[in-house]
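Structure assessment
Residue strings, one per chain:
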Amino acid sequence: MLRSILISLVLSLVSVPVHGEDLPDCAALLRTEGSVRILTVAGSFERRGFIQGYCLAEDVLAMVDDYALGALPTVVFNLMKAALRARMVLPEGMLEEANGLAAGGLARLGEGFESRRLGRAPDVDDLLLVNAYVDYMASGCSSFSAWGGATAGGSLKGAAALVRNMDWSAHPVLLARQLVVVHRPAETDREPFLSVTFPGLLGCLSCVDASGTGAFLNLGYGAGGGRLLEARRFQPVTMTLREAIERRDPNGDGKATARDVSGVLHGAPTVGSYGIHVLAARAVKGGGPALVVELNATGDAVRTGSRSAVFGTDTLAVTNHLQILDEPVSCRRYQTLAKRSKRRDLDEQALWEAARATVLGTATIQTMLYVPAAGRLRLWFRPPGFDGK
């Protein structure tokens, strides 16, 4: 399924009703564009969690029972919950939103909101552990951005664009429940954003905010990942990334650039290893619109086009191997993107083909193309049962 979403339209749904503490009107809030489900949640953190829990109650249960607890025995899940929850540092609002998520499921299904594996309703700590899934289970992903001279000879005429493969699991529960969640925060220090995600996941895997900044999470290989069960404190990386995207002008310079995201990620208590690819509508002064934040248990570093001897100054790629925090390692996908980066006429189709040339078989469950200047996000979701590329 392939669908283009106009971000400016999705994020400006001012006609969506918001009725305080009333039960959500899911028929108005949850709609389908083509074959992509889009849920709009508006209000405080807690209210937004409640809306998602209420409108997606059955899906949230499926994510807990058939995905998270399908990969972990219940006894292991409970042990991890006891060991990790006290060490989990949550960004502002995330506890309230998780509480709302649990409350929304109960309000919708009552006694039916019960995990058959846990033998009870999922509580807020269960849901937070599911939200830390990326921190303790491996995924993949890759991304490639181009701007300036790399796109000057094509239809983009120098404008920036980014393609991204979301490599995870072709588990049927995931494939059947892919969606976009649009956030319209009530908090004045937050801004609207959309998240390409799964039910019950509150953080960002692939997010774009109303200012035009997109951030895309990729797993990072290497020795700096740390050990989750030995960490004194950690913050779920998807929640850290959401904080970076959702907070309005976090560095206070009055400009929405990729540096807003890298500034929030700096110093975050992380146990995993990640390459976070950021593309903004506006370039950093004296630089480009894109950067990669390398983040692991040892610290963080920012990679820009000017630091890449292979890709030059107007393209960037992430294929899981870190380049600053760990010794660079080449791989087939990186070499494929490096060859394509030499072109000076990269357009949307050429970038899309580059992404599709670096898929990891059925592990690639989403491909997306983001063009900030056009306010457009093009999505491909792997359909359930589809085994091809």
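Scroll up a little and you will see the structure.
Residues numbered from 1 in each chain as written. Predicted model: local features only at pLDDT ≥ 70, side-chain atom pairs only at ≥ 80, totals over all residues. Heavy atoms only, no water.

Quick look at the nonpolar core
Formed by 75 residues in total, the largest nonpolar core has its most connected members in Tyr-136, Trp-168, Phe-198, Leu-205, Leu-217, Leu-241 and Ile-276. For this core, the leading source of residues is helix α4 (residues 57-71), giving 9 residues. Leave out the neighbours within four places in its chain, and Leu-217 touches Val-134, Cys-141, Arg-164, Cys-204, Leu-205, Val-237, Thr-238, Leu-241, Tyr-274, Gly-275 and Ile-276. (Core = buried A, V, L, I, M, F, W, Y, C linked by side-chain atoms within 4.5 Å. Buried < 20%, exposed > 50% of the residue type's maximum accessible area, 1.4 Å probe, protein only. Helix = DSSP H or I, 4+ residues; strand = E, 2+ residues; numbered from the N terminus. Contact = heavy atoms within 4.5 Å.)

Considering the state of the cysteines
Disulfide: a covalent bond formed between the sulfur atoms of two cysteine residues. Evaluation of the coordinates by the stated rule reveals 2 disulfides. The disulfide that involves Cys-26 links it to Cys-55, with 2.2 Å between the sulfurs. With the S-S bond torsion at -90°, the cross-link from Cys-26 to Cys-55 turns out left-handed. Here the residue Cys-26 occupies a position in helix α2 (residues 26-29), and Cys-55 occupies one in helix α3 (residues 45-55), the gap between them amounting to 29 residues. As far as the burial class goes, Cys-26 and Cys-55 line up, both buried. Paired through a disulfide, Cys-204 and Cys-207 show a sulfur-sulfur distance of 2.1 Å. Here Cys-204 and Cys-207 share a disulfide; its torsion about the S-S bond, -95°, makes the bridge left-handed. (Disulfide = S-S within 2.5 Å.)

Section: the pattern of salt bridges
Enumeration according to the criterion identifies 26 salt bridges in this entry. A salt bridge links Arg-85 to Asp-125; its shortest N-O distance comes to 2.9 Å. Here Arg-85, found in the loop between α5 (74-84) and α6 (94-109), pairs with Asp-125, found in helix α7 (residues 124-131); they are 40 residues apart in sequence, far enough to count as distant. Residue Glu-97 is joined to Arg-242 by a salt bridge in which the shortest nitrogen-to-oxygen separation is 2.7 Å. Highlighted residues: Glu-97 in helix α6 and Arg-242 in helix α10 (residues 237-246), separated in sequence by 145 residues. Just as Glu-97 is buried, Arg-242 falls in that class too. Via salt bridges that share partners, Arg-48, Glu-92, Glu-97, Glu-187, Asp-189, Arg-190, Arg-242, Glu-243, Glu-246 and Arg-247 belong to a single interconnected network. (Salt bridge = Lys/Arg side-chain N within 4 Å of Asp/Glu carboxyl O.)

A look at the packing of aromatic side chains
With the rule as written, the count across this model stands at 10 aromatic pairs. Ring centres of Trp-168 and Phe-198 lie 5.6 Å apart, and the angle between their planes is 80°; this geometry places the pair in the edge-to-face category. Here Phe-198 lies in the loop between β7 (193-197) and β8 (206-209) and Trp-168 lies in the loop between β5 (161-167) and α9 (172-175), a separation of 30 residues in the sequence. The exposure class assigned to Phe-198 is buried, which follows from its relative accessible area of 0%. By the ring-pair criterion, three or more aromatic residues cluster together here, those being Tyr-67, Tyr-133, Tyr-136, Trp-168 and Phe-198. Sitting above the plane of the Tyr-54 ring, Arg-108 keeps its charged end 4.9 Å from the centroid. Lying across the ring of Trp-380, Arg-356 places its NZ or CZ 4.3 Å from the centre. (Phe/Tyr/Trp six-rings, centres within 6.5 Å; stacked < 30°, edge-to-face > 60°. Lys NZ or Arg CZ within 6 Å of the ring centre and 35° of its normal.)

Things to note about the side chain of Thr-151
In this structure, Thr-151 sits in the loop between β4 (142-146) and β5. Discounting chain neighbours no more than four positions away, the residues touching Thr-151 are Ala-146, Leu-156, Lys-157, Gly-158, Ala-159, Arg-344 and Leu-346.

Quick look at the pairing of strand β2 (residues 30-33)
Of the strand pairs in this sheet, β2 and strand β3 (residues 36-43) are connected by 4 bridges, and their pairing is antiparallel. Within β3, the position partnered with Thr-32 by the bridge is Arg-37. Hairpin connection of β2 to β3: 2 residues between the antiparallel strands, including Gly-34 at a positive phi of 65°. (Pairing = 2+ DSSP bridges.)

A short note on the environment of Leu-346
For Leu-346, the location among the structural elements is in the loop between α12 (332-340) and α13 (348-356). In this structure Leu-346 comes out as buried when scored by relative accessible area, which is 1%. Separated by 66 residues in the primary sequence, Leu-346 and Ala-280 place their C-alpha atoms 18 Å from one another. Not counting residues up to four positions away in its chain, the partners in contact with Leu-346 are Phe-144, Ala-146, Ala-150, Thr-151, Leu-156, Thr-315, Arg-340 and Leu-351.

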